[in-house]
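# Structural features, examined
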Amino acid sequence: MTKSLITASLLATLATHVAAHGIVTKIVVGGTKTYQGYSPDFQYQPTPPAVIGWTAPLTQDRGFVEPASFGSPDIICHKGATPGKAVAQVVAGETIDLQWTVWPDSHKGPVMDYLADCGSDCTTVDKTQLKFFKIDGVGITNPAGTPPNFASDDMIKNASTWSVKIPASIKPGNYVLRHETIALHSAGQENGAQAYPQCINIQVTGSGTASPAGVAGTSLYKSTDPGIIFDIYRKFTSTSEYPVPGPAVFDGSSSGSAPAPVASAAPAASKASSAAAPAATVPATKPSSVAAPATTLPATTLKTSTTAAPASSAAPVQNNTGGQGGSAPPQRGQGPPPKQNNGQCNGRFSRGNRGCRR
Ligand SMILES: [Cu+2]
């Protein structure tokens, strides 16, 4: 990269970086059932609310788990996390919208979702015993640009909200949903990626029978995985050039009742995202085309995948394995959210001095 390019990128990042990273603050099931997420601020309240989000008081900084800790229990549901005390009710096949705090656009990377069977009770489960299977994994969704468009960018465009469908095929029971993005702005160097796992408890009802095998949270990633050490600041020609880390997506994730994207049910996450080339037209299998006519919602409104506008032919259309998430058209006219730079977290531009760390 030339010096001028670096300078231009640096200025862009300084201008757009927000201080905090993020947590999931709100969860909406099936478009109607709203649940509060966990906030580290709860630890200062005399009577903290019981929420479905896992308790993680050490995330006061809205920070991340570093790759050096990918083998430690901190990666399971974030640093020092203990089970949430409430449970969301979900019908298998329903979509869950996870709303983050305003996500910094410098923090580009994949978005992944996993489930793990808790047995009788997620609110008291031993997290080290959980075995996670992946139901959603999206990396680059448009190779244009340097860096290219990642799932995190789509999440930002969708009002900092990611939508994931709970597979209709899984058997009823108690599950931890492990939702995560991994920021890659410093991932060109070892231990530079930043994992932001967020867990919630759900109780799934339905008539599914699948009980997919999973892996312990501490075995999901290695610090040397090709999708963990990865330079995003180069030219890309295909969405598949980024290998989404972790196990393959459970191949029953997209089966079951409509509007599952049956044709795009690729087992491998990287294959799945390769289907998300910048499309001029909406793929015939796009599930959202069965939904209501496109509605343009304000950036602050929680938006579900069903509003992914078929009308917006110029927008990059994403067709990820879950069929959801970040397929909102860019909302350029509405301007970026309020941003500031307080000198924290200068991302990869601090390659030499480990930026974005405490
Ligand atoms: Cu950060």
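On a predicted model such as this, the values are computed, not experimentally measured, just so you know. (Residues numbered from 1 in each chain as written. Predicted model: local features only at pLDDT ≥ 70, side-chain atom pairs only at ≥ 80, totals over all residues.)

A few words on the overall build of the chain. A count of helices and strands for the chain gives 4 helices and 12 strands. The buried share of the chain, taken over its 358 residues, is 52%. The long-range share in the chain, meaning contacts at least 24 apart out of those at least 6 apart in sequence, stands at 75%. (Helix = DSSP H or I, 4+ residues; strand = E, 2+ residues; numbered from the N terminus. Buried ≥ 20, exposed ≤ 12 C-beta atoms within 10 Å, placed from the backbone. Contact = placed C-beta atoms within 7 Å.)

Position of Asn-142 relative to the elements: it lies in strand β7 (residues 140-142). For Asn-142, a count of 21 C-beta atoms within 10 Å translates into the label buried. For the pair Asn-142 and Asp-153, spaced 11 residues apart in the sequence, the C-alpha separation amounts to 10.0 Å.

This paragraph deals with the sheet that holds strand β5 (residues 111-119). The pairing of strands in a sheet comes from backbone hydrogen bonds and takes either a parallel or an antiparallel form. Read from one edge to the other, the open sheet built from 6 strands follows the order β3-β11-β10-β5-β6-β12, with strand pairing classed as mixed. Here the strands that pair on one side only, and so sit at the sheet edges, are β3 (88-91) and β12 (215-216). Here 6 bridges tie β5 to strand β6 (residues 131-138), and the two strands are oriented antiparallel to one another. Paired with Ala-116 across the two strands is Phe-132, which belongs to β6. (Pairing = 2+ DSSP bridges.)

This paragraph deals with the confidence of the model for the chain. Summing up the model confidence of the chain, the mean pLDDT is 76 and the portion of residues at 70 or higher is 65%. Here residues 1-19 is modelled with pLDDT under 50, and outside its nearest four sequence neighbours on either side it reaches 24 contacts, counting other chains as well. Residue range residues 255-358 is modelled with pLDDT below 50. Its contacts to residues more than four positions away, or to other chains, number 227 contacts. (pLDDT = per-residue confidence, 0-100.)

Attention now moves to the sheet that holds strand β4 (residues 95-100). One open sheet holds the 4 strands; their spatial order is β2-β1-β4-β9, and the pairing between them is antiparallel. Edge positions in the sheet fall to β2 (33-36) and β9 (161-165), since each has one partner strand and no second. Strand-to-strand twist across the sheet, computed as the mean angle between neighbouring axes with direction ignored, equals 20 degrees. By the bridge criterion, 4 bridges tie strand β1 (residues 24-29) to β2 in an arrangement that is antiparallel. Its bridge partner lying in β2, Val-29 is registered against Lys-33. (Axes fitted to C-alpha atoms, helices over the stretch in contact; angles between N-to-C directions.)

It is worth spelling out the pairing of strand β10 (residues 173-183) at this point. Summarising burial for β10: 9 of the 11 residues are buried, a large majority. Summarising the sheet, β5 and β10 pair through 8 bridges and their orientation is antiparallel. Within the sheet, the bridge partner assigned to Asp-117 lies in β10 and is Tyr-175. Note that β10 and strand β11 (residues 194-205) share 11 bridges and pair antiparallel. Note that in β11 the partner of Thr-181 across the bridge is Tyr-196.

This brings us to unusual backbone geometry. Residue Pro-147 is bonded to the preceding Thr-146 through a cis peptide linkage, with omega at 0 degrees. Relative to the helices and strands, Pro-147 is located in the loop between β7 and β8 (149-150). Phi at Ala-159 is positive, roughly 60 degrees, even though this residue is not glycine. Position of Ala-159 among the secondary structure elements: in the loop between α3 (151-157) and β9. For Asn-191, which is not a glycine, the phi torsion comes out positive at approximately 60 degrees. With respect to the element layout, Asn-191 can be found in the loop between β10 and β11.

Below, the discussion takes up the nonpolar core. If you look at the biggest cluster of nonpolar residues, it comprises 71 residues, and the most contacted ones within it are Ile-27, Ala-88 and Leu-115. If near-sequence neighbours (up to four positions away) are discounted, Leu-115 is found in contact with Phe-132, Phe-133, Ile-135, Ile-170, Tyr-175 and Leu-177. (Core = buried A, V, L, I, M, F, W, Y, C linked by C-beta atoms within 7 Å.)

This brings us to the environment of Ala-68. Within the fold, Ala-68 resides in the loop between β2 and α2 (74-77). On a C-alpha basis, the gap between Ala-68 and Ala-193 in space is 9.7 Å, while along the polypeptide they are 125 residues apart. Excluding anything up to four places from it in sequence, Ala-68 contacts Asn-191 and Ser-223.

For the rest of this paragraph, the subject is the environment of Lys-157. Along the chain, Lys-157 turns up in helix α3. For Lys-157, a count of 22 C-beta atoms within 10 Å gives the class buried.

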